Amino acid sequence: MSTRTGFPRSTRTASFGLFIAVLVLGALVLAPHHADAKEWDSPKDNVLLSIPDAPAPWEWLSYNQQWPKAGIIKGARRVVTKLKRTGKPANGHGALLHLAVRDAPEGMTLQAAAEDSDIREFLLKRFQGTAGDIESEEVTIESGTNKEGHPAIVLRTTGTAANLKAKKVDTTGYMVVSVAKGKVYLLRMYAFPTPDDDEGLVYDLDYLEANCLRLIDTKDSKKTKGPPKKAAEDEKADEGDPEEEREDEIIENRAQRWRITIDKKLKRLEITDEERQDHLELKCVDSDRHGGYSLYVYAPPTTQYIDGVKAPPPNLIKWITADWWQNFTVNHPKGDLVTFKWPKKPMTKGIKTFLTLPDFGDEKARKVVFKDGKKRPVEVDAADMMKKFKFVEKPKTKQIGKKGKVSEPVRGIMSGKRPRFPGYETIVRFAFRGRAHSYRVFVSFWGEAHKKWGDSLRKTLESWEFGIKFKD
């Protein structure tokens, strides 16, 4: 995932909120994939690429004999066939990307690579001298051996270039530059949009710059001098800050009249302005070498107006049944699909709530719904998810905390094997409506994270109180 550092982004249109919501709601922060994605990896080149398969699909390009001259090893594109605004056939509108891997001169730094004229020419050549100023932004991309990510720089520009049908059109170009293990990685991307970009092509580049390129190994291969670290010291460093240095954190949302206590073992992250636009209210994420977890709370208004027209309320049942099934099976294509029995009551004494978690280490609570190799349905409806497969249920209580009651509560658990993830990935979803907001809550685990953070996440969820009348 890309982490931006202080660079102003271009103005976004109103369609961005809907587009990014589709991406975020089906994906994990710890492994930031598009909700439906195609992946290609090359251990030889130390890279893994991920391109969207929905809602607007990209496709891999066939090998081109001219690629090796520029160091290109893989390419992809998105082809627009019909323009959204007019309904007319597109004329070369779409987007294109190429990944090149080159040997890095000895001692080349990331900054030097981003300023190198030959490297910039890889991005600019298509513009044939029409490109404007180049914006530069420091980011991080995902690293398979560094949970903090790996440094990269994104270059952005606009100009006139040949689109997918060789028509000269206004074009946006991005290039992600990174240096690791003696190689320079160059992910160049172009969008050929309509003037208002109704198809979201430039937004695709925004998404891809943060999620397309991942480096498998970024550890320095040179051995460090001095005695090896003790195993206990390694383990201590891996586990992060000691627990006693943190305290439980009380979060109050007075506008929505709720309070929650974040357990001291959880790491709460700041919410960006973009995430706030998508109505994200709470974000906790952490990981170590054994696994990771995430907790997200979204609260879009139940009543919204789009272009002055009242929109229907968010369809919570569809989100937690049919939509979820499609996303989950794409991202977990092989292996068992599993759910868990919900506990009869919360572990916290004196609390009534449906926001709780099972013991994911309890084999008696674990239920295999689809065994590995068993044919799965392509589509399911709400009845299938609730009555047939029992991934989802409507809890008996509508209470959250001592005084708070909500409407339309529903919850679900799905667990499966995600490619290149250790162990199982388990995702828990909750949905309900408050006085004026429709809440969607995500909890996810992968690897053995439930052993370290499971109780803390359950305790945090059970601490949530609704219907509070705060005193000024």
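This write-up is about the structure you can find in this document.

About the criteria used
- Sequence order sets the numbering: in each chain, residues are counted from 1 along the sequence as written.
- Restriction of local features to residues with pLDDT of at least 70 applies here, the model being predicted, together with a cutoff of 80 or more for giving and counting side-chain atom pairs; totals for whole chains, interfaces and linings are based on all residues.
- Only hydrogens and water are removed before side-chain values are computed, so all heavy atoms of the structure are retained for them.
- Here a strand is any run of E in DSSP of at least two residues, a helix any run of H or I of at least four, and the numbering for each starts at the N terminus.
- Relative accessibility thresholds used throughout: buried, under 20% of the residue-type maximum; exposed, over 50%; partly exposed, between the two (1.4 Å probe, protein chains only).
- Contacts are residue-level and defined by heavy atoms, with any inter-residue pair within 4.5 Å sufficient.
- Take the number of residues in a helix, subtract one, and multiply by 1.5 Å to get its expected span.
- Note on bend: the value at a residue is the angle between axes fitted to the seven residues ending there and to the seven starting there.

Re unusual backbone geometry
Within the chain, Arg257 stands out as a residue other than glycine whose phi angle is a positive 60°. You can see Arg257 is positioned in the loop between strand S11 (249-253) and strand S12 (258-262). Using a relative accessible area of 22% as the deciding quantity, one classes Arg257 as partly exposed. For Asp307, which is not glycine, the phi torsion reads 55° and is therefore positive. Mapped onto the elements, Asp307 comes out in the loop between strand S15 (304-306) and strand S16 (309-311).

What to know about the environment of Val428
Along the polypeptide, Val428 turns up in strand S23 (residues 425-433). On the basis of relative accessible area, Val428 is assigned to the buried category, the value being 0%. Between the C-alpha atom of Val428 and that of Phe445, which follows or precedes it by 17 residues, the distance is 8.8 Å. Dropping the residues within four chain positions of it, Val428 is found in contact with Trp342, Leu357, Phe360, Gly412, Ile413, Val441, Phe442 and Val443.

Describing helix H11 (residues 449-462)
The end-to-end C-alpha distance of H11 is 19 Å, a good match for the 20 Å that 14 residues give at a rise of 1.5 Å each. Within H11, the axis deviates most sharply at Asp455, by approximately 30°. Those residues of H11 that sit buried are Ala449, Trp453, Gly454, Ser456, Leu457, Arg458, Thr460, Leu461 and Glu462. Structurally, H11 contributes buried residues whose contacts are with S12, strand S13 (280-288), strand S14 (291-298), S23 and strand S24 (438-447).

Just distances and angles here, no functional claims.
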